[in-house]
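# Examination of the molecular architecture
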2 protein chains.
Amino acid sequence: MIPENPSFHAHHSPVGALASFTCGAHGAKGGMGLELSGPYQGDISVGYQDAAGTLNLLPLFADNDSSESERYVEGSLQAARPQRVLKDVTREYLWATDRISAPGVTFEIVTPFFAIPDPKYATPTELAFASCPVVQVSVTFKNDGTEGIRGIFALGIDHRWSSLGERTNGTLTGAMSREEIGFATQNEEASCWMDFDPLSALNRKHSTAEFLLGPTAGLEIYVPPGEERTLEITLGFFKAGTATYNRAMSYYYTQHFTNLSQVLEYGIACREEYLELARERDEELASSKLNDEQKFLIAHATRSYYGSTQWLWDGSQSVWVVNEGEYLMMNTFDLTVDMLFFEMRFNPWTVRNELEQFVNRYSFYDEVFDPADPETLYPGGISFTHDMGVMNHWSPATRSSYEVGGLDRACFSHMTCEQLTNWVLCAGAYLSKTHDEEFLRRYRHILVECFTSLQNRDHHDPAQRDGIMSLESSRTQGGGEITTYDSLDHSLGQSRRNIYLGGKMWASYVALEKLFELSELDELSKEAREAASLAAKTLTEGYDPNLGYIPAVLEEGNTSAIIPAIEALVYPYFMGLSEVTSEQGPYGDYIKTLKKHLKHVIDTGICLYEDGGWKLSSSADNSWMSKINLCQFVAREILGFDFGKGQFEADRAHARWEREGSKLSACSDQFRSGVAHGSLYYPRIVTNILWLREQ
Amino acid sequence: MIPENPSFHAHHSPVGALASFTCGAHGAKGGMGLELSGPYQGDISVGYQDAAGTLNLLPLFADNDSSESERYVEGSLQAARPQRVLKDVTREYLWATDRISAPGVTFEIVTPFFAIPDPKYATPTELAFASCPVVQVSVTFKNDGTEGIRGIFALGIDHRWSSLGERTNGTLTGAMSREEIGFATQNEEASCWMDFDPLSALNRKHSTAEFLLGPTAGLEIYVPPGEERTLEITLGFFKAGTATYNRAMSYYYTQHFTNLSQVLEYGIACREEYLELARERDEELASSKLNDEQKFLIAHATRSYYGSTQWLWDGSQSVWVVNEGEYLMMNTFDLTVDMLFFEMRFNPWTVRNELEQFVNRYSFYDEVFDPADPETLYPGGISFTHDMGVMNHWSPATRSSYEVGGLDRACFSHMTCEQLTNWVLCAGAYLSKTHDEEFLRRYRHILVECFTSLQNRDHHDPAQRDGIMSLESSRTQGGGEITTYDSLDHSLGQSRRNIYLGGKMWASYVALEKLFELSELDELSKEAREAASLAAKTLTEGYDPNLGYIPAVLEEGNTSAIIPAIEALVYPYFMGLSEVTSEQGPYGDYIKTLKKHLKHVIDTGICLYEDGGWKLSSSADNSWMSKINLCQFVAREILGFDFGKGQFEADRAHARWEREGSKLSACSDQFRSGVAHGSLYYPRIVTNILWLREQ
């Protein structure tokens, strides 16, 4: 699709390398970065020097007048610095291809993605191909003039470069820095240079093309008058050795490649295969029945997801980590459950891998208490941490980096009940699609423990249960738990008696009913069904006819209206339990009530912004794109809503929030009135992969 | 000594770790950094929380109102942020101890240095002690009040921390980030915390002391009313694995320590030994007869030197590198020759190591040409590159990162003739002090080649030689060579017929005469003496009675006056050849002329700034502290000048240039009218170690 405004940053990332070539916003810095919480702050120079000596560049850099050379010597090495920013820039933004063009120059950045083969069963050849940390780029120069021009691609960084030509005895033409990032071509017409900046290089008065003191390295190709030339470039990333702390792990690709120049050679050799896979993805999204803004949102979300992925090797097996965007928390569980649908589409083994990590190292047992009497503790049960660490620092076993004790329903409190539902729901989705009997056998006891734990958070006395959470974890030390909506008000931020989390408890019981049935644990299956019914009943009865919706929190007279009341319907749907989400099914009343609820909050506009975008809570200006996209799917596909032209209005609003409200942060999650204010550079928005399932 | 103004940045570094805990300037960022070209940009919090809850801190941070916590949640976690910057800060700046105090708090940073044992002969125990990358710190809190206070030391960084208590099963209390930097204590009264910032930690509403999401980690100690407590802290640095590119080398300390917590444990265990060595150095400088500003300059220079040192291991032996301050070029040879005197005092083996590296990998053979006829090439000979690489990227053999071809006496041109003199002069100094017969035997042929090469740069026809350089290296590709004063005008920047470089050629011939004599190469020794005489004669005859000095360049009517005309006298002096620098000796006329020269340029003020500081060239506002300090030594100790009260005036001016003109860049080299404008954060100023030799 062609975005109405081409100026916005996007991730361009290999799979699992926690690496990104971020660029796209005009007049902004960008570049190749490893393990960063935002775009690399360098200058990208793509364009050509015309016959008059003027350098014509795409606007992929932040213009400034100073040159690094001024640190060494007064004045600059060339008298004039004729440079012009190309106008009439357009952009074609496909699922795996980002094409930025101006008259005479087309810059194409290709990031293929595909099913990552399960490392437990795949061949080394397949795994090398899937893990190779490269991005494919090309620049096509069209010379309509009567004199030759010089096409260039260059990166200005904060460090220094080595020559790949020197390193590979001429096999590659290009440069690498710290043996961590690099770019190369085998185009025989191309040459490489290094200098302070592109103008210094192209107008150099000295004779040393590779001037090693310069922070800018580039490729150059001569384009004769009337002709066209394409510079095929492979970008590569590499981080050798131990990559994570407290638990020493390396990047998985180091099992297949020993260094960056090898990665680049491989990337070049397999270029056509990678491009073909990208074309398949491009075609798939383009030919879907979605509107253009929906296609934009999917393409944008997908790029941000891969930019946060980190495929590690712990010495004996693969460890899959998705980092939490700008925060770089590792495998934040309340993101995992949202990215579940994307991973299940492409590589279910990553879901299995995450679930196993949570059980093996990031599970724990707690007790619970009634908030009216925090001193008296009752049995709780198993649950899971919010995350596994931050910025490559694994947190100690049974602890997250995020959660602290002693807070009452405030940001950084524990999310114990929600993470418990997340393990059940991920396991349910995983098992329903894969029928992985070994997994079910191995973790059946965990499912049983989860069931007990869920019920204990409702009430220790079965007679007093109503299906949703009422008791708090002892980990809060007398405080109160929160949900994933941590920076929102209590309408979505508080866990207990919350209808959003209540919905996830209902869905967890529904999933457990099914999983116990598969495990031939019939009694438990029946109990789970009863618990689900109880939850559905409580939520249904929460409906307030005077309000016209179910208030967000079923206590203390809360009257907020929230869209995510409907969120949890996605899990039984995804598990293929169509009767569960049917108005004619066992939870028919609940489903009908949710329809009424959603119709009211949308039709009255209390959960809409003026631009038509969705406002998750009527009482907070803090809306999360991943959840909006998920709830849109639930509304349309499960609850059968047709928003008419309101649909495109909302999609356009959301796309503009990303393109304009999050212009410099690639895809972001949290927006305040259309402006990203948190959860920047974020992976979670791939919930919108679900849209491709819509009929 | 007590600097008149305590607000300036200083390096505090272990030996050979290219690491620094930079701090000292008030209201400025600082912290622990590895391999940086300037101070780490973090916040250092040292002070105490008083009974009223106010945090009183030394001004070692840049004040701002935002907290990292705002990235996660609106508003901050505590309502008020009562914080006060302590006033009446004083500083005691000794050779190895930097003591920053305010009422109630004394912060002491101790950086012992000593003879690094020769790794060829020393025991592992000695080498572990010398290479251990630690800095010793202590904070003493004196509580004169009637209620308890909480003393703290904390670092705010751009990354996240792990708990050392967790990692070492309680052996250490402290934190580390990325397993690269960390701090620890074994004080049993101390506890560790992590949080967004010190105020969040000290006023935390939650109960998790080590909140892993926070970028700040600190130590805390309770100080009862009327009592005093000292927090003894060891700072440690560690970079595991391969540290340099193109040629894979690791830090030498990795041969003795496997990780950061081990380094910290060792540093704590040996703390008293380190402190004792620091006291020895402190005492040595304090008891010298130098004035306070001279003591300041030596202490400041020494810290900057160690901050740039990098002791590597190439897999079979030690490799000594000194990085070029902010530029991070590796073993820049024209710095090596200045830092020679410092290294010869403490560890001559590092000089040997550098000389061997230059021969083995960074030497080459060129041809030379007359600038009037660049096309006709004549035999040149051996010489050496400007440097060995930049920012841990080794440059290819026979190439520097800095030098490029095709430039005529402009910055980044080749320094071939000067680097040739530098090898000879370093070798002369090394051999004269160590009597290392094996080195002499092994490199005798290099000395012979250097002699030939030096003469060929004078003239290929012996009859036309006059002892100084006239021909240019073919590496300049028709351009012209420069000297180490690369960003100065031709008075010091141009090589050929320059009296500064002419002096170094003279000194090289003098050195070779001696070394050939030691090698029983009597004929060559005689030839070298003749060449030295010729050079001295040419330089002496260059004296212009109308000007009152020898003009800087003996061609084209140049009339600049330069102080470094006298610089090269230091080499024969250092080699113990006292007759050579005597007015009664074989070069008596030359020595007398240089005295006349210097007297004139100082007495007339053409080489002075208004503040009494030295101006190296009458025609350029670009004066280099390392060279000023060196020439001051030559003037006083060799030429017998007594500057009376002008001496202290100059020293105070130079000290102020560093403290005020280079306040945020630790010790710098290039100044323009007292303000540092290049060569910041620089190691070279240790030429002033020579002052300690003065009678």
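Everything numeric here is computed off the predicted structure, so don't read it as measured data.

## Brief notes about the overall build of chain A
Of the regular secondary structure elements, chain A holds 17 helices and 27 strands. Against the compact-globule benchmark of 26 Å for 695 residues, chain A has a radius of gyration of 27 Å, which places it among compact chains. Referenced to the eigenvectors of the C-alpha coordinate spread, the extents of chain A come out at roughly 85 × 55 × 45 Å. Taking as baseline every contact in chain A between residues at least 6 positions apart, the subset at least 24 positions apart corresponds to 70%. Carbon and sulfur atoms form 47% of the exposed surface of chain A, whose accessible area is close to 22,100 Å². Within chain A, the 95 negative side-chain charges are centred at a point lying 1 Å from the centre of the 58 positive side-chain charges.

## Focus on the domain arrangement of chain A
Residues and elements named next belong to chain A. For chain A, the assigned domains are domain 1 (19–71 + 81–283) and domain 2 (288–694). Spacing between the C-alpha centres of domain 1 and domain 2 amounts to 38 Å. The interface of domain 1 with domain 2 comprises 40 residues on the first partner and 36 residues on the second. Interface area for domain 1 against domain 2, summed over the two sides, is near 3,400 Å², with a carbon-plus-sulfur share of 61%. The largest share of the area that domain 1 buries against domain 2 comes from Tyr93, Trp95 and Ile116, three residues that together contribute 22% of it. The salt bridge involving Asp118 is made with Arg352; its shortest N-O contact spans 2.9 Å.

## Let's talk about the relation of the copies chain B and chain A
Between chain B and chain A, which share one sequence, the superposing operator has a rotation angle of 180° and an axial displacement of 0.0 Å; the RMSD is 0.0 Å. The two molecules are tied by a two-fold rotation axis, judged by turn and shift. Of every C-alpha in chain B, the one belonging to Gly241 of chain B sits nearest the axis of rotation, 3.7 Å from it. Both copies contact each other with a shared surface, as 100% of the interface residues of chain B are interface residues in chain A too.

## Side note on a negative patch on the surface
Residues and elements named next belong to chain B. A surface patch of negative charge is lined by Glu517, Glu520, Asp522 and Glu523. Among the structural elements, Glu523 can be located in helix H13 (residues 522–541). Using a relative accessible area of 49% as the deciding quantity, one classes Glu523 as partly exposed.

## Some details on the pattern of salt bridges
Under the counting rule described, the total for this entry stands at 79 salt bridges over all chains. Salt bridges sharing partners connect three or more residues here, namely Glu4, Glu293, Arg652, Arg656 and Arg659 of chain A.

## Let's talk about the interface of chain B and chain A
The partner chain A presents 52 residues to the 52 residues of chain B that form the contact. A buried area of about 4,500 Å², summed over both sides, lies between chain B and chain A, and 57% of it is on carbon and sulfur atoms. Applying the counting rule to chain B against chain A returns 2 salt bridges. The salt bridge involving Arg399 of chain A is made with Glu166 of chain B; its shortest N-O contact spans 3.5 Å.

## Quick notes on the pairing of strand S10 (residues 149–156) of chain B
Side chains on a regular strand alternate between the two faces of the sheet. All names here are of chain B. The buried fraction of S10 is high, at 7 of 8 residues. Relative to S10, strand S3 (residues 43–49) runs antiparallel, the two being bridged by 7 bridges. Across the sheet, Ser45 pairs through a bridge with Ala154, a residue of S10. For S10 and strand S15 (residues 216–223), the ladder comprises 8 bridges, and the chain directions are antiparallel. If you follow Arg150 over to S15, its bridge partner there is Tyr222.

## A look at the packing of aromatic side chains
The geometry of an aromatic ring pair comes down to the distance between the two centres and the angle between the two planes. All names here are of chain B. Per the counting criterion, the structure on display carries 104 aromatic pairs over all chains. Here the aromatic rings of Phe196 and Phe211 are separated by 5.3 Å at their centres, their planes lie at 80°, and the arrangement is edge-to-face. With Phe196 in the loop between strand S14 (190–195) and helix H3 (198–202) and Phe211 in the loop between H3 and S15, the pair connects residues that are 15 residues apart, well separated along the chain. For the pair shown, Phe196 and Phe211 are each scored as buried. Between Tyr305 and Phe342 the ring centres are 4.9 Å apart and the planes differ by 50°, which places this aromatic pair in the tilted class. Of this pair, Tyr305 sits in helix H6 (residues 292–307) while Phe342 sits in helix H7 (residues 333–346), and the two are 37 residues apart along the sequence. Residue classification places Tyr305 among the buried residues on the basis of a relative accessible area of 1%.

## Focus on the packing of helix H9 (residues 416–434) of chain A against helix H10 (residues 437–458) of chain A
Residue and element names in this part refer to chain A. Direction vectors running N to C along H9 and H10 enclose 145°, while the axes themselves pass 10 Å from each other. The crossing of H9 and H10 is left-handed. Between H9, through Thr416, Cys417, Leu420, Thr421, Trp423, Val424, Ala427, Tyr430 and Leu431, and H10, the contact on the second element is made entirely by Phe439, Leu440, Tyr443, Ile446, Leu447, Cys450, Ser453, Leu454 and Arg457. Among the residues making up the contact of H9 with H10, the classes are represented as 14 nonpolar, 3 polar and 1 charged.

## What about the sheet that holds strand S8 (residues 105–110) of chain A?
All names here are of chain A. Pairing within the open sheet is antiparallel, and its 8 strands lie in the order S6-S7-S8-S9-S16-S13-S12-S11. Two strands close off the open sheet at either side, each with one partner strand: strand S6 (90–93) and strand S11 (162–163). With 9 bridges connecting them, strand S9 (residues 134–142) and strand S16 (residues 228–237) associate as antiparallel partners. When the sheet's bridge partners are listed, Lys142 is paired in S16 with Glu228.

## As for the pairing of S15 of chain B
Residue and element names in this part refer to chain B. Across the 8 residues that make up S15, a large majority, 7, are buried. As defined by bridge partners, S14 adjoins S15 across 6 bridges and the pair is classed as antiparallel. Of the residues in S15, the one forming a bridge with Met194 is Ala217.

## As for the nonpolar core
Among the nonpolar cores identified, the biggest contains 232 residues, and Phe107, Trp423 and Trp506 of chain B are the most heavily contacted of them. The dominant element in this core, judged by the number of residues it contributes, is helix H12 (residues 499–518) of chain B, at 12 residues. With residues up to four places along the chain from it excluded, the contact list for Phe107 of chain B reads Phe21, Cys23, Val46, Leu58, Leu60, Asp98, Arg99, Ile100, Val137, Ser138, Val139 and Phe153 of chain B. Core analysis: the second largest hydrophobic core is formed by 230 residues, Ile100, Val110, Ala128 and Leu594 of chain A among them.

## Looking at the side chain of Gln49 of chain A
Residue and element names in this part refer to chain A. Looking at the element boundaries, Gln49 is found in strand S3 (residues 43–49). When its relative accessible area of 5% is taken as the criterion, Gln49 is described as buried. At a separation of 2.8 Å, a polar atom in the side chain of Gln49 contacts the side chain of Arg150.

## A word on the state of the cysteines
According to the stated counting rule, one finds 0 disulfides over all chains in the structure shown. Between Cys426 of chain A, a free cysteine, and Cys450 of chain A, which holds the nearest cysteine sulfur, the sulfur-to-sulfur gap is 11 Å.

## Observations regarding the side chain of Glu513 of chain B
Residue and element names in this part refer to chain B. Relative to the elements of secondary structure, Glu513 occurs in helix H12. One polar contact links Glu513 to Arg529, side chain to side chain, over a distance of 3.3 Å. Sequence-distant contacts of Glu513, defined by excluding residues within four places in its chain, comprise Ser525, Ala528, Arg529 and Tyr587.

## A word on the sheet that holds strand S20 (residues 363–370) of chain A
Residues and elements named next belong to chain A. Within the open sheet, the 3 strands sit side by side as S21-S20-S24. Their pairing is antiparallel. Pairing within the sheet leaves two strands with one partner each, and these edge strands are strand S21 (373–384) and strand S24 (472–473). Looking at chain direction, S20 and S21 are connected through 8 bridges and run antiparallel. Along S21, the bridge assignment pairs Ser363 with Phe384.

What counts as what
Residues numbered from 1 in each chain as written. Chains lettered and ligands numbered in written order. Predicted model: local features only at pLDDT ≥ 70, side-chain atom pairs only at ≥ 80, totals over all residues. Heavy atoms only, no water. Helix = DSSP H or I, 4+ residues; strand = E, 2+ residues; numbered from the N terminus. Rg over C-alpha atoms; globule rule 2.2 N^0.38 Å. Contact = heavy atoms within 4.5 Å. Areas by Shrake-Rupley, 256 points an atom, 1.4 Å probe, with all protein chains shown as cover. Lys, Arg positive; Asp, Glu negative; His and termini not counted. Charge placed at Lys NZ, Arg CZ, Asp CG, Glu CD. Domains from an automatic or database assignment. Buried area = accessible area lost by both parts, 1.4 Å probe. Salt bridge = Lys/Arg side-chain N within 4 Å of Asp/Glu carboxyl O. Least-squares fit on C-alpha atoms with pLDDT ≥ 70 in both. Patch = residues over 30% accessible without salt bridge, like charges linked within 9 Å, V, L, I, M, F, W, Y side chains within 5 Å. Buried < 20%, exposed > 50% of the residue type's maximum accessible area, 1.4 Å probe, protein only. Pairing = 2+ DSSP bridges. Phe/Tyr/Trp six-rings, centres within 6.5 Å; stacked < 30°, edge-to-face > 60°. Axes fitted to C-alpha atoms, helices over the stretch in contact; angles between N-to-C directions. Left-handed = near helix turned anticlockwise from the far one by under 90°. Nonpolar A, V, L, I, M, F, W, Y, C, P; charged D, E, K, R; others polar. Core = buried A, V, L, I, M, F, W, Y, C linked by side-chain atoms within 4.5 Å. Polar contact = N/O pair within 3.5 Å; in protein donor to acceptor, adjacent residues only side chain to side chain. Disulfide = S-S within 2.5 Å.

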